[in-house]
Amino acid sequence: MPAWSVIAPYWPNLVSGFWITVQLSFWTLLLATPVALAIALIRETGPRWAALPLSLLVNAVRLLPALIVLYVVFYGLPQFGVRLKPFTAATLGLVAMGAAYMSEDMRGAIAAVPKGQLSAAAALGLPRAHAIRRILLPQALPLMVPPYMTRAIIMVKGTSLASMVSVADLTAEATRASSITYQPYVFLLIAGAFYLALNGVLALLQALAERHLRLRYRTAA
Amino acid sequence: MALDFSAIPTVFPALLKGAAVTLELTLAVLVLATPGGALVALMRGAPSPALRGAVTGASWIFRGIPPLLLLFFAFFGLPLMGLTLPPLPAAILAMTAYMSFYFGEVFASGLASVPKGQWQAAAALGLPRRRVLFRIILPQTIPAALPPYISHATEILKGTALAAAVAVPELTSAAKKVFVVTFRPMEVLIVAAAIYALMDAALLILQMLGERWSARRRARS
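Residues numbered from 1 in each chain as written. Chains lettered and ligands numbered in written order. Predicted model: local features only at pLDDT ≥ 70, side-chain atom pairs only at ≥ 80, totals over all residues. Heavy atoms only, no water.

Caption draft 1: Expanded view of the overall build of chain A. Secondary structure summary: chain A contains nine helices and zero strands in total. Going residue by residue from the N terminus, the α and β elements of chain A occur as α-α-α-α-α-α-α-α-α. Across its three principal directions, the C-alpha atoms of chain A cover 70 × 45 × 20 Å. Of all 221 residues assigned to chain A, the portion counted as buried reaches 48%. Look at the contacts in chain A between residues 6 or more apart in sequence, and 79% of them connect residues 24 or more apart. (Helix = DSSP H or I, 4+ residues; strand = E, 2+ residues; numbered from the N terminus. Buried < 20%, exposed > 50% of the residue type's maximum accessible area, 1.4 Å probe, protein only. Contact = heavy atoms within 4.5 Å.)

Structure below.
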C-alpha cells in the first residue's frame, strides 16, 4: 500500500473533483426531477396530442447509450452554433437522459393510483389541477420514493461520464492522478469510496423521506 | 446549418465494424453474467450467514460504484496485480463483474415470486432439491424475471459505450474516431444512435417472443 506521500499531492485535485461531481449530481437531479414529473403527469393524465410525442421522445432517448447523448450535446450542438462549456453540456446531456428514465419510474407510481378517483373528483366538480395535486399526487408520492432514489443513485454514478467530455470531475481527477503516478488502484479506490459515500447519503435521504411520507400520509407500509 | 449526410457512405463500414465489436462485447457479457447472476442469487439464499453477508456487501459495492470506474480499474489497476488484459477482455471482465450483481437482484426477486410452500410440497413428495429447482421453481420464475432481464440486457448494450474509455474499438469510439476526421459529429452520432436503436429493438423482439413462449407454456400445463 503506497504511503500518504503518494496521495497527498493529488488530494486537493481529488477533493475538487469530488466537489464537481457533487455539483453535477445536484444540478442534474434538481433540473431532471420537475421535467420528469411534468412528462409523467402529461403522459398519464394529459391530452393525447401532448402525451404521444412525449412518449416517442422518452423512448428514443432510452434506446441510446448515455455517452452518445453526451457526445451529441458536446460535439454535435456546436455544429449548429450552440457552444456550451463542458460542465453545462454534461449537465444538459445528463438531465435529458435522467429525466427520460425518471419519468418512467414516476409514471409507474402515478398509474398505480386507480383512474376512477380522478373521474370521481371530476364528478364532484373538483378542478382537474386541484384533483391531481390533492388526490393523485399524495397517493402516488409514497410509491414514487423508492424508484426515485434508485434512479437518483444511478444518475449520480452516471455523472462519471462527464469525464469523457472533459469535465474535471472525480473520475477524471482519479484517472489523471493514476496515470501520472502509475498507482491506479489507490486513486480509483479513493474515488470509489467517495462515490459510495455520496450514494450512502442518498440512501439515508430515502429512508428519511419514506418515514416522513409514512407519518404524513399514514400509508400502510 | 443543415444536416449533411453525404460523408456517411464513406464512413459507414468503420461504424459497422464498431457495431460488430459492440455486439460481441454485449453477447460475451450476457453469456457470462447470466450464470454469474444465477450464482449470486443462489448465494443470497445460502444457509451460511457469512456467505450471504459477503454477497450482499459485494453487491452493494459493485452496484454503488460507477461502471466507468470499474472499467478503469480492470484496465489500469489489474496489471499492477499481475493480470494484464487486452482492452476487450478487460471490458468484458469489468462489465461481467457488475452485471452479475444486477442480474443477481433480478433472479433473486424472480425466485422470491414463487411461494416457498412449493419447495416444501415438492420435498414432501420426495423430489430431490436439484430437480425441484430446475423443473418446478425456475420455470415459474421466468415470467417474473424476463422483462427486467431483457431491460438489463439493453443496459449491457448501452453500457458497452463506456468501453470507448479503455480503447475498445466499439461503436461509440468508432463514431468519435470518424467524426474527428469528418468534422460533422451530429450526422455520425445520429447514424450511430440509429444502429444502437436497431440493436435495442432486436432485444425487445426477443423479449416479446420470450413472453409469448412462456405464456403458451403456462397455458399448456
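The discussion continues.
Caption draft 2: Representation of a positive patch on the surface. All names here are of chain B. On the surface, Arg131, Arg135, Arg212, Arg216, Arg217 and Arg220 cluster together to form a positively charged patch. Where the positive patch is concerned, the elements lending two or more residues are helix H6 (129-159) and helix H8 (185-220). Here the element with the most residues in the positive patch is H8; it accounts for four residues. Within the fold, Arg131 resides in helix H6. (Patch = residues over 30% accessible without salt bridge, like charges linked within 9 Å, V, L, I, M, F, W, Y side chains within 5 Å. Areas by Shrake-Rupley, 256 points an atom, 1.4 Å probe, with all protein chains shown as cover. Salt bridge = Lys/Arg side-chain N within 4 Å of Asp/Glu carboxyl O. Lys, Arg positive; Asp, Glu negative; His and termini not counted. Charge placed at Lys NZ, Arg CZ, Asp CG, Glu CD.)

Caption draft 3: View of the pattern of salt bridges. All names here are of chain A. With the rule as written, the count across this model stands at eleven salt bridges over all chains. A salt bridge links Lys115 to Glu44; the nearest nitrogen and oxygen atoms lie 3.4 Å apart. Pair noted here: Lys115 is in the loop between helix H5 (86-111) and helix H6 (116-123) and Glu44 is in helix H2 (residues 11-45), with a separation of 71 residues, a long-range link. Residue classification places Glu44 among the buried residues on the basis of a relative accessible area of 16%. Arg62 is the partner of Glu104 in a salt bridge, and the nearest nitrogen-oxygen pair spans 3.7 Å. Taken together, the residues Glu104 in helix H5 and Arg62 in helix H3 (residues 48-62) connect sequence positions 42 residues apart. One connected set of salt bridges, linked through shared partners, spans Arg43, Glu44, Arg62, Glu104, Arg107 and Lys115.

Caption draft 4: The layout of surface pockets, seen in detail. Residues and elements named next belong to chain B. Put simply, the second largest pocket is a space of about 620 Å³. If you trace the second largest pocket, you find 17 residues lining it, with Gly45, Leu111, Lys116, Trp119 and Arg129 closest to the centre. Breaking the lining of the second largest pocket down by element, the ones donating at least two residues are helix H1 (8-44), helix H4 (87-112), helix H5 (117-124) and H6. By residue number, the principal contributor to the lining of the second largest pocket is H6, which donates four residues. (1 Å grid on protein atoms, 1.4 Å probe; cavity = no way out; pocket = protein on both sides within 12 Å on 5 of 7 lines; lining within 4 Å. Points joined across faces, edges and corners; volume = space filled by probe spheres on them.)

Caption draft 5: Molecular detail of the confidence of the model for chain B. Mean pLDDT over chain B works out to 88, with 99% of the residues at or above the 70 mark. Across chain B, element-level confidence peaks in H1(B) with a mean pLDDT of 92 and bottoms out in H6(B) with 86. (pLDDT = per-residue confidence, 0-100.)

Caption draft 6: Seen up close, the packing of aromatic side chains. Within the structure shown, the criterion is met by 17 aromatic pairs over all chains. Between A:Tyr185 and B:Phe73, the aromatic rings sit 6.4 Å apart at their centres with planes inclined by 70°, giving edge-to-face as the arrangement. Note that A:Tyr185 is positioned in helix H9 (residues 184-217) and B:Phe73 in helix H3 (residues 67-77), a pairing that runs across two chains. Classification of B:Phe73 by relative accessible area gives partly exposed; the value is 21%. Seen in terms of ring centroids, B:Phe103 and B:Phe107 are 5.9 Å apart; in terms of plane orientation they differ by 15°. Their pairing is stacked. Taken together, the residues span about one helical turn, with B:Phe103 and B:Phe107 both in helix H4 at a distance of four residues. In this structure, B:Phe103 and B:Phe107 share a single accessibility class: buried. Among the aromatic side chains, those forming a connected cluster through ring pairs are A:Trp4, A:Trp11, A:Phe18 and A:Phe194. (Phe/Tyr/Trp six-rings, centres within 6.5 Å; stacked < 30°, edge-to-face > 60°.)

Caption draft 7: Seen up close, the environment of B:Thr26. Residues and elements named next belong to chain B. By secondary structure assignment, the location of Thr26 is in helix H1. For Thr26, a relative accessible area of 5% puts it in the buried group. Dropping the residues within four chain positions of it, Thr26 is found in contact with Ile156, Leu157 and Thr160.

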